[in-house]
Amino acid sequence: MAKLTQEEILSYLEEATILELNDLVSAIEEKFGVVAAAAVAAPAAAEEAAGPSEVTVTLTDVGGTKVAVIKAVREITGLGLVDAKKLVDGVPAAIKENVSPEEAESIKEKLVAAGATVEIK
């Protein structure tokens, strides 16, 4: 019997249906006397994999549409025109700190739409 390569096994697994994979797992359990169980990650590892709960949105480049970026910064931060302009002129500048990753993505979309470059950390 020819030995299968790892690539051949992985190729089969990619193309197999759920029923075929279920039959394969059952056959392996029976043949080798083992039980397949899902891996359980430690809570700290799961939180780490999920990413940070709070991030900072930093404006890194204004691009060619400075007025549009200032308007977007005003909308996002609630700052007045002068303060928003100072913030934009001070690139790189933190637009919002300690926000959820979801809110950060929303802020990023608005700024990118205005022509700016944004970094989330």
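What counts as what
Residues numbered from 1 in each chain as written. Predicted model: local features only at pLDDT ≥ 70, side-chain atom pairs only at ≥ 80, totals over all residues. Heavy atoms only, no water. Helix = DSSP H or I, 4+ residues; strand = E, 2+ residues; numbered from the N terminus. Buried < 20%, exposed > 50% of the residue type's maximum accessible area, 1.4 Å probe, protein only. Contact = heavy atoms within 4.5 Å. Arc of directions from axis to C-beta. Patch = residues over 30% accessible without salt bridge, like charges linked within 9 Å, V, L, I, M, F, W, Y side chains within 5 Å. Areas by Shrake-Rupley, 256 points an atom, 1.4 Å probe, with all protein chains shown as cover. Salt bridge = Lys/Arg side-chain N within 4 Å of Asp/Glu carboxyl O.

1. Things to note about the side chain of T58
Working step 1: Relative to the elements of secondary structure, T58 occurs in strand β1 (residues 55-61).
Working step 2: The class of T58 is buried, set by a relative accessible area of 18%.
Working step 3: Setting aside its immediate chain neighbours within four residues, T58 contacts P92, A93, A94, I95, T117, V118 and E119.

2. Quick notes on helix α5 (residues 81-89)
Working step 1: Taken together, the buried positions of α5 are occupied by A84, L87 and V88. One side of α5 holds all its buried residues, which, seen down the axis, span an arc of 95°. Counted as exposed and oriented over 90 degrees from the buried face of α5: V82 and K86.
Working step 2: The secondary structure elements touched by the buried residues of α5 are β1, α4 (66-77) and β2 (93-99).

3. Concerning a nonpolar patch on the surface
Working step 1: Together, L4, I9, L10, Y12, L13, L24, I28, F32 and V34 line one region of the surface with nonpolar side chains, adding up to about 810 Å² of accessible area.
Working step 2: Only α1 (6-15) and α2 (18-32) provide two or more residues apiece to the nonpolar patch.
Working step 3: In terms of residue count, the dominant contributor to the nonpolar patch is α1 (four residues).
Working step 4: You can see L13 is positioned in helix α1.
Working step 5: With relative accessibility at 34%, the residue L13 sits in the partly exposed group.

Take it as geometry only, folks, not as evidence of what the structure does.
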